Amino acid sequence: MSNSAPKVGVIMGSKSDWPVMEHAVAMLERLGVPYETRVVSAHRTPDLLFDYAKSAAERGLQVIVAGAGGAAHLPGMVASQTALPVLGVPVESKALKGLDSLLSIAQMPGGIAVGTLAIGKAGATNAGLLAAQIVGLQDTAVREAVETFRAEQTQMVLDNPDPRPDAEAN
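In short, a report on the structure. (Residues numbered from 1 in each chain as written. Predicted model: local features only at pLDDT ≥ 70, side-chain atom pairs only at ≥ 80, totals over all residues. Heavy atoms only, no water.)

## Digging into the nonpolar core
Note the following rule: Nonpolar cores are built from buried Ala, Val, Leu, Ile, Met, Phe, Trp, Tyr and Cys residues. Side-chain atoms within 4.5 Å join them into one set. Burial classification: accessible surface area is computed with a 1.4 Å probe over protein chains only, and a residue below 20% of its type maximum counts as buried, one above 50% as exposed, and the rest as partly exposed. Helix and strand assignments come from DSSP, with helices taken as H or I runs of at least 4 residues and strands as E runs of at least 2, each series counted from the N terminus. In what follows, a contact means two residues having at least one pair of non-hydrogen atoms within 4.5 Å.
By size, the foremost hydrophobic cluster in this structure holds 28 residues, and its most contacted members are Val8, Val10, Leu31, Val33 and Val65. Where this core is concerned, the elements lending two or more residues are strand E1 (8–12), helix H1 (18–30), strand E3 (63–69), strand E4 (86–91), helix H5 (121–135) and helix H6 (140–159). Not counting chain neighbours up to four residues away, the residues in contact with valine 8 comprise Leu28, Val33, Pro34, Tyr35, Glu36, Leu61, Val63, Val65, Ala131 and Val135. By size, the runner-up hydrophobic cluster in this structure holds 19 residues, among which are Ile11, Val40, Ala56 and Ala68.

## What about the packing of H5 against H6?
The criterion, for reference: A fitted line through C-alpha atoms serves as each axis, taken over the contacting stretch for helices, and the angle formed by two N-to-C directions is quoted from 0 to 180°. What sets the label is the angle itself: under 35 degrees gives roughly parallel, over 145 gives roughly antiparallel, 65 to 115 gives roughly perpendicular, and the rest give oblique. Crossing handedness: left-handed means the near helix sits turned counterclockwise from the far one by under a right angle, and right-handed means the same turn made clockwise.
Packing of H5 against H6 brings their axes to within 8 Å, and their N-to-C directions diverge by 135°. By the angle between their axes, H5 is oblique relative to H6. Here H5 and H6 pass one another in a crossing that is left-handed. Contacts between H5 and H6 involve Leu129, Ala132, Gln133 and Val135 from the first element and Val142, Val146, Phe149 and Arg150 from the second.

## As for the environment of alanine 71
Mapped onto the secondary structure, alanine 71 falls in the loop between E3 and helix H3 (74–79). Distance in space between the C-alpha atoms of alanine 71 and proline 90 is 9.8 Å, their sequence separation being 19 residues. Apart from residues no more than four positions distant in its own chain, alanine 71 is found in contact with His43 and Ser104.

## Re H1
This is how it is decided: Any helix carries an expected span of 1.5 Å times its number of residues minus one. Directions drawn from the helix axis to the C-beta atoms are what define this arc.
Taking 1.5 Å per residue as the helical rise, H1 with its 13 residues ought to reach 18 Å, and the 18 Å between its terminal C-alpha atoms agrees with that figure. What H1 keeps buried is the set Val20, Met21, Ala24, Val25, Met27 and Leu28. Mapping the buried residues of H1 onto a view down its axis gives an arc of 155°, with all of them on the same face. Residues of H1 that are buried make contact with E1, strand E2 (35–39), E3, E4, H5 and H6.

Written as structure tokens, this is what we have:
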């Protein structure tokens, strides 16, 4: 979304996290929220991480969505360097299926807050939605897009009450 200044930063610890984090980006795009996305590694590029987090507010960001797997230090380290809300997305790891990431992100010490979402695609999708809801506090168009999305979800359930795969909508 290059026609507006980004309001949400979507970052991840490595390029391999993209298949999960693309779902946060897809939700932001669906809701019309300007964003930026990039790899910022807590372990391989700590100076970049600090610069990114410290400059985020002055660059116009309102929320940061940070996805990380394994030790998953990225969301917490970003939160330690900015007063902006940080939403952490645990990316599924091979060894422990994302439980390690979830616990790393959720177990922040008191005083450094990170909103922790579900592991994987659902967490990334909801991080994009929650980021839009935060932006929507000050942006009427985004708030209306979120409300429309929610209404569409409700209508989809109402239109398809029969859970059987071959059932037609009433």
